[in-house]
There are 2 protein chains.
Amino acid sequence: MRTSIATVSLSGSLTEKLTAASRAGFDGVEIFENDLLASPLTPEDIRSRCADLGLSIDLYQPMRDIEAVPPEEFTRNLRRARHKFELMSRLGADTVLVCSSVSPLAEDDDALAAAQLSQLAQLAQDFGIRVAYEALAWGRHVNTYDHAWRIVEAAGHPALGTCLDSFHILARGSDPKDLEGIADIPGEKIFFLQLADAPLMAMDVLQWSRHYRCFPGQGGLDVTGLLRHVIAAGYRGPLSLEVFNDVFRQAEAGPTAVDAHRSLLVLKEAAGLAALPAPVVPTGAAFVELVTADAEPASALLGALGFARTARHRSKPVDLWQQGEARVLVNTGPAARRHGTSLAAVGLESPDPAGAARRAESLLAPVLPRRRAPGDAPLDAVAAPDGTELFFVATDPVAADGEDELPDWRADFVDVPHQDATPHGVTRIDHLALTQPWHEFDEAVLFHRSVLGLHAQESVDVADPYGLHRSRAVSNADGSVRIALGVGPAPTDDGARAQHIALATDDVVATARAFRAVGGRLLSLPANYHDDLAARYAFADGELETYRELGILYDRDTHGEFRHCYTHTVGRVFFELVQRDGGYRGYGARNAPVRLAAQHAAR
Amino acid sequence: MRTSIATVSLSGSLTEKLTAASRAGFDGVEIFENDLLASPLTPEDIRSRCADLGLSIDLYQPMRDIEAVPPEEFTRNLRRARHKFELMSRLGADTVLVCSSVSPLAEDDDALAAAQLSQLAQLAQDFGIRVAYEALAWGRHVNTYDHAWRIVEAAGHPALGTCLDSFHILARGSDPKDLEGIADIPGEKIFFLQLADAPLMAMDVLQWSRHYRCFPGQGGLDVTGLLRHVIAAGYRGPLSLEVFNDVFRQAEAGPTAVDAHRSLLVLKEAAGLAALPAPVVPTGAAFVELVTADAEPASALLGALGFARTARHRSKPVDLWQQGEARVLVNTGPAARRHGTSLAAVGLESPDPAGAARRAESLLAPVLPRRRAPGDAPLDAVAAPDGTELFFVATDPVAADGEDELPDWRADFVDVPHQDATPHGVTRIDHLALTQPWHEFDEAVLFHRSVLGLHAQESVDVADPYGLHRSRAVSNADGSVRIALGVGPAPTDDGARAQHIALATDDVVATARAFRAVGGRLLSLPANYHDDLAARYAFADGELETYRELGILYDRDTHGEFRHCYTHTVGRVFFELVQRDGGYRGYGARNAPVRLAAQHAAR
């Protein structure tokens, strides 16, 4: 099925919006009237611009407060409609959206509504135009899809059909049973389908609709279920996104359009309308790669953490540091950026790297060149929305019977002589915490869920001294891949976005002590924090004193315990040492305000 | 009555918060537990820091999920409470807030709640501490003030009282009658009063409370009415602000604390608890002052608009441009800033300039030196939150019988020879539109209402191509002073904040033509906009063509009509020409998206 997007969903001038929609792969657009009014392009110019961009104009929208009004008012409305139909003819748009009236003049009279809509449809038909009548969730008299459909049915005009909108239908908190009536609407009378999701918020539906809509899969509405009903009814028109969102209004149109189109692809797959390459869920974190213009600070920190520099890339200035199954690459190549050390790439263990990359590509992730330099082993990699490179790799691959062995990403690395460092007990990467650009948080979550097949936990608020952060973790089933996606309170300097690497240890006290013994600096915590721990929990003798001394934080959930501490920050990056016991599932979010305040104080 | 503020209401570290509260004139603070936990200061340090800053610690908060729980859970709670009471003793805080439980363990058993709270109060009493029990609006079993009071009353312990919170009480949409029970609570059993306002939003009360609270007078709750009831009950403790707000968390603590304290002063006045100098409502706009390092662009624009340079300041590089009763000062003195021309000051006609300044000063507006240079006439002036200087002045003052004549602000200006310019029909300043720093919008509205005695209209959303703006106008009764306060979508470069001066004319077409005839450039509008006007309204022959030619926008309300157009922008400033007919009350907000898009396109 064709995909479309309403111009109101994107930021910028009309031509910026059209360009972004086209580049992201949409087939068509809905032209939102205000975008046309504000554009210096004539309707004919817009028509040809869309044609050049390969976009059809699937809908012109909206016309408001048309129906069920006194005759003299309706005469004025028809006059206005005639102007708009003339405009649509110049634009080459053949369907217009009419929203159910919110006017105080509107009467609660379905027969009158049907008669006037029929007259409107007759006028439209003269212009070769169809009228799609939609129930706004806050319509004065008509606010459910089935009420709108009854009026359309009663009107019985061939140029009059209905428009279904997932937000308006699902925002009213309908019982799933209420959706069953959709399948009874003849498919050819569903003239249009608008799709939007929204986070579940108990708030005034008009405000919710105008400010908080999001793309399908980013909210809490069952858009997939609704779509199945509409398809069952026989609808074969475009799947079109209409999203009013304060953040998207501000964010660059190009990335938003890609995010939008990806959401439709995921929706189609979920509704059984499209087959994409299956997700290949990663089975572990093979490595992280830091880029820096000066390897010294990161190397000193890794050394103090008990990592050894075990290998070097054969052709590039990349060192491999390893401890247990935790691996960190330090790259001083040309990708190094001005913000000092930053996390540029993540290696994800994959049972099928090429399949993982195909999945990502089908969901619009930019695919990176397989070979970065001649002679390098081929590597499957894509870019996440925040620019982090995701490599799909195998470490120590073992060929299954009858299959080719996967290439080992370490084949490009040559062992270097190194002291048998005394490891400090780090066993593997526990999780990564990556702060996203402020407007890409929902996109990042949908990307990691859909492209990597990870499961998303609930979003949590975390109070920083200087604003509220949000955080949402994605992980695979056994917790061997965990990424905590975060976002700051508002537009901030992207270069300063914090990234951190949490390293697992079975004994955080021993690891922390070993780190300090060789000169490592741990983030020191306020005594008040540990006093509060004493009030909340009973600890073994001396335990709390040890945590005070080392700056270890403590949390507990219904599954188990979590002990963790933090190194100082190098560039944008710092490390966390974490000990999970008894199946603790979280990331210490309760402790984050104290940690954030301590990091501010340490600056 | 003493004023206090919860540290959670302000941004930053605990010491930043305390400093800001003290500087803004608060008498005390509530210490929010998380702020203490995150602070490197010991409780004793915090105590002495507060003492140095002249702040009492009026409340320690909150303790949660204490009461109506099984015995073994209550034993744990008492253990935790003992730790907190020890901490409070070190801190020198004698009142603790206990919120009604939200725990799934809590039983719906008032007798149990009363018995356990009584036990808690007994323990508190041993430390010289009082327990203030508050009903959270979303408490599991106890969520109204009268329910909390019944439990306190039943407990009958001298160290147990209640805490009233305006948000929790008013957010439940109580009938005013429901508040009458407050007066029946013995005043000495109301241990604390927390005040917050909130915009009226139909949303989940927990989310509303945690993200959208604001200072009294900035929202839609009747905080004044509630306060009257509490005073009637005999409460004489502090008036304390507890505001959870995402914007305040980010904004600088200093200005937020001033805004907060001003809100309490206004609240006290409204509730009859304090007498401030009465507001002196301005009766007109005497002048605006532009500052610039280069007078040429502004002068050329003013000249083309039909202004004449009629006078010059006797000691400073300030020119007075005049047309009708519209006056613009162009100042090339040292205040000129790097952002090119900007609007630095507004002269407001005042029947009592000194009284107006006293009012402003009593509401924490920075008072500016009365004489800027030796020999200048004294002028009463204060700074608005965005830094705009407000001068209270008289133009052509006439002494009433028995009163001294007010000084004429033009006494410092010397007429300069000027051609009898042909005026273009501008009669006076219609309104000013001043974009506020992103975090100061609510403060700016409260400032203009309370300091200047202006009336605020409803806030409106305006879609810019690159984000949503909000706008709210303040005006005096006859509309001779109108200021449209605006705010952009998010943290943006403050230097780029637009400011515009709308000039009234009785014939916008003639004024616009005269402007163009001498080379003035009007903002050109998309043809689609005027096509839409044709669809919406019937115009006289040729009328719409004239609007197309000149770039005139049109709006209509139930009172009358509005025609307006815009000049190009000089620095941060542009001019609007407006013609109001028949009592039109708005500012053309419906046209703002088109105007904003055209301004973006013209850049």
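Residues numbered from 1 in each chain as written. Chains lettered and ligands numbered in written order. Predicted model: local features only at pLDDT ≥ 70, side-chain atom pairs only at ≥ 80, totals over all residues. Heavy atoms only, no water.

The name an unreviewed UniProt entry gives chain A is 3-dehydroshikimate dehydratase, with Streptomyces bluensis as the organism. Taken from UniProt, the Function (unreviewed entry) comment for chain A reads in full: "Catalyzes the conversion of 3-dehydroshikimate to protocatechuate (3,4-dihydroxybenzoate), a common intermediate of quinate and shikimate degradation pathways." The record held by UniProt for chain A lists under Pathway (unreviewed entry) the comment "Aromatic compound metabolism; 3,4-dihydroxybenzoate biosynthesis." (UniProt positions renumbered as here; feature names shortened; annotations may be inferred.)

Overview of helix 15 (residues 508-517) of chain A
Because the α-helix completes a turn every 3.6 residues, residues three or four places apart line up on one side. Residue and element names in this part refer to chain A. Residues of helix 15 that are buried include every one of Val 508, Val 509, Thr 511, Ala 512 and Phe 515, and no others. Around the axis of helix 15, the buried residues are gathered within 165 degrees of arc, so they sit on the same side. Its side-chain oxygen 3.2 Å from the backbone nitrogen of Val 509, Asp 507 forms the N-cap of helix 15. (Buried < 20%, exposed > 50% of the residue type's maximum accessible area, 1.4 Å probe, protein only. Helix = DSSP H or I, 4+ residues; strand = E, 2+ residues; numbered from the N terminus. Arc of directions from axis to C-beta. Polar contact = N/O pair within 3.5 Å; in protein donor to acceptor, adjacent residues only side chain to side chain.)

Digging into the packing of helix 3 (residues 43-52) of chain B against helix 4 (residues 71-91) of chain B
Residue and element names in this part refer to chain B. Where helix 3 contacts helix 4, the two axes come as close as 7 Å, and the packing angle between them is 40 degrees. As judged from the angle between their axes, helix 3 and helix 4 are oblique. Taking contact as the criterion, the partners of Pro 43, Glu 44, Ile 46 and Arg 47 in helix 3 are, on helix 4, Leu 87, Ser 89, Arg 90 and Leu 91. Its residues assigned to classes, the contact of helix 3 with helix 4 shows four nonpolar, one polar and three charged. (Axes fitted to C-alpha atoms, helices over the stretch in contact; angles between N-to-C directions. Parallel < 35°, antiparallel > 145°, perpendicular 65-115°, else oblique. Contact = heavy atoms within 4.5 Å. Nonpolar A, V, L, I, M, F, W, Y, C, P; charged D, E, K, R; others polar.)

Considerations on the sheet that holds strand 8 (residues 239-241) of chain B
Residue and element names in this part refer to chain B. Spatially, the eight strands close up into a barrel ordered 1-2-3-4-5-6-7-8, and their pairing is parallel. Strand-to-strand twist of the sheet, defined as the mean angle between neighbouring strand axes without regard to direction, takes the value 30 degrees. Pairing analysis gives four bridges linking strand 6 (residues 160-165) to strand 7 (residues 190-195), with the strands arranged parallel. Note on strand 7: the bridge partner recorded for Leu 164 is Leu 193. Against the sheet, helix 4 makes contact with strand 3 (56-63) and strand 4 (95-99), and its axis sits at roughly 165 degrees relative to strand 3, the strand it touches most. Along the sheet, helix 6 (residues 145-155) contacts strand 5 (130-134) and strand 6; its crossing angle with strand 6, the most-contacted strand, is approximately 170 degrees. (Pairing = 2+ DSSP bridges.)

A few points about the relation of the copies chain B and chain A
Least-squares fitting of chain B to chain A yields an RMSD of 0.0 Å, with the superposition described by an axial translation of 0.0 Å and a rotation of 180 degrees. The transformation just described matches what one would write down for a two-fold rotation axis. Relative to the rotation axis, the C-alpha of Met 203 of chain B is the closest in chain B, positioned 1.7 Å from it. The share of interface residues of chain B whose copies in chain A are also at the interface is 100%, consistent with both copies meeting through the same surface. (Least-squares fit on C-alpha atoms with pLDDT ≥ 70 in both.)

With respect to the UniProt feature "binding site: Mg(2+)" (unreviewed entry) in chain A
Residues and elements named next belong to chain A. The sites that UniProt annotates as "binding site: Mg(2+)" (unreviewed entry) are His 431, His 500 and Glu 576. Despite a sequence span of 146 residues, these residues sit close together in the fold, their greatest C-alpha distance being 9.2 Å. Here His 431 lies in strand 17 (residues 426-436). Relative accessible area serves as the criterion here: at 2%, His 431 is assigned to the buried category. For His 431, the residues in contact, after removing those within four places along its chain, are Arg 482, His 500, Ile 501, Ala 502, Glu 576, Val 578, Arg 580 and Tyr 587. Here His 500 is to be found in strand 22 (residues 499-505). The contacts of His 500, once residues within four sequence positions are left out, are His 431, Leu 432, Ala 433, Tyr 566, Phe 574, Glu 576 and Arg 595.

Side note on the interface of chain B and chain A
The interface of chain B with chain A comprises 50 residues on the first partner and 50 residues on the second. Carbon and sulfur atoms supply 55% of the area buried between chain B and chain A, which totals about 3,600 Å² over both sides. Counting across the interface, chain B meets chain A through four salt bridges. Ionic pairing is found between Lys 84 of chain B and Asp 532 of chain A, a salt bridge with its closest N-O pair at 2.4 Å. At the boundary of chain B with chain A, the tally comes to 25 residue pairs in polar contact (both at pLDDT 80 or more). (Buried area = accessible area lost by both parts, 1.4 Å probe. Salt bridge = Lys/Arg side-chain N within 4 Å of Asp/Glu carboxyl O.)

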